Amino acid sequence: MPARPAAPPAGGLGWANLGMDIVSVNRVRRLLAQYGEQFFERMLTPGELADCRTSSGLDVLSLCGRIAAKEAAFKTLRVRGRFLPWPDIVVRRSEGGWPLVELHRSAAEMAAESGITEITVSISHDVDYAVAVAAPIIAPATPIQ
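Residues numbered from 1 in each chain as written. Predicted model: local features only at pLDDT ≥ 70, side-chain atom pairs only at ≥ 80, totals over all residues. Heavy atoms only, no water.

As recorded in an unreviewed UniProt entry, the protein goes by Holo-[acyl-carrier-protein] synthase and comes from Streptomyces exfoliatus. Under the heading Function (unreviewed entry), UniProt records this for the protein: "Transfers the 4'-phosphopantetheine moiety from coenzyme A to a Ser of acyl-carrier-protein." UniProt lists a comment for the protein under the heading Cofactor (unreviewed entry), and it reads "Mg(2+)". (UniProt positions renumbered as here; feature names shortened; annotations may be inferred.)

Printed below as a string of structure tokens:
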């Protein structure tokens, strides 16, 4: 049986790599109880943690949504041999309440290499899980002159 061809990298005409991730609320609760907030400071920026905070502490569903969104955004980049640069993918809450993805340093470089100018993301969560779907916004092709 012939090998199945690999999907082309991001950036081709009409091509968009979607990313999706799911995070278990129970697992994050367990990590929070076992290691405290400090564990998540490696993954989320101070601003992201502030967005997840309520008067009674961290909102676990929001925390799970941010983690899922970062993973989903990273998956749109389709890079091999690279680890998710947690602090370089920032998921913030817009004034309207929807999530916005900011790419910094190595994440911005990976996106540029893939022809991605931005990443849009949608987050949803329920009692047991948070999910996120991310889609890249591809730079328009330069017309040949």
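Additional details are given in the paragraphs that follow.
Peer 1: Pulling in residues and values, what's your account of the packing of helix α1 (residues 25-35) against helix α3 (residues 60-77)?
Peer 2: At their nearest, the axes of α1 and α3 sit 10 Å apart, and the two run at 105 degrees to each other. Between α1 and α3, the crossing angle belongs to the class labelled roughly perpendicular. Contacts between α1 and α3 involve V25, V28, R29 and L32 on the former and, on the latter, V60, L61, L63, C64 and I67. Looking at the contact of α1 with α3 residue by residue, the classes come out as eight nonpolar, no polar and one charged. (Axes fitted to C-alpha atoms, helices over the stretch in contact; angles between N-to-C directions. Helix = DSSP H or I, 4+ residues; strand = E, 2+ residues; numbered from the N terminus. Parallel < 35°, antiparallel > 145°, perpendicular 65-115°, else oblique. Contact = heavy atoms within 4.5 Å. Nonpolar A, V, L, I, M, F, W, Y, C, P; charged D, E, K, R; others polar.)

Peer 1: Account for the sheet that holds strand β7 (residues 129-138), with residues named and values stated.
Peer 2: Read from one edge of the open sheet, three strands run β1-β7-β6, paired in antiparallel fashion. Two strands close off the open sheet at either side, each with one partner strand: β1 (19-24) and β6 (116-125). Taking each pair of neighbouring strands and ignoring which way they run, the sheet shows an average axis angle of 20 degrees. With six bridges joining them, β1 and β7 adopt antiparallel strand pairing. Directly across from G19, in β7, lies its bridge partner A134. (Pairing = 2+ DSSP bridges.)

Peer 1: Help me get a handle on the nonpolar core, residues and values and all.
Peer 2: Among the nonpolar cores identified, the biggest contains 36 residues, and V28, F40, L63, I67, V101 and I119 are the most heavily contacted of them. Those elements that place two or more of their residues in this core are α1, α3, β4 (89-93), β5 (99-103), α4 (105-113), β6 and β7. When residues of this core are assigned to their parent elements, the largest contribution, 10 residues, is made by α3. With residues up to four places along the chain from it excluded, the contact list for L63 reads V28, F40, L44, L49, C52 and L58. (Core = buried A, V, L, I, M, F, W, Y, C linked by side-chain atoms within 4.5 Å. Buried < 20%, exposed > 50% of the residue type's maximum accessible area, 1.4 Å probe, protein only.)

Peer 1: Kindly report on the UniProt feature "binding site: Mg(2+)" (unreviewed entry) in the protein, identifying the contributing residues and their values.
Peer 2: Here the UniProt-annotated "binding site: Mg(2+)" (unreviewed entry) positions come out as D21 and E71. Spanning 51 residues, the named residues nonetheless gather at one spot, since no C-alpha pair among them exceeds 6.1 Å. Along the chain, D21 falls in strand β1. When near neighbours in sequence (up to four residues on either side) are disregarded, D21 contacts A68, E71, A72, K75, A130, V131 and A132. In terms of polar contacts, D21 uses its side chain to reach the side chain of K75, at 3.0 Å. Along the polypeptide, E71 turns up in helix α3. Aside from chain neighbours lying at most four places away, what touches E71 is D21, L84 and W86. (Polar contact = N/O pair within 3.5 Å; in protein donor to acceptor, adjacent residues only side chain to side chain.)

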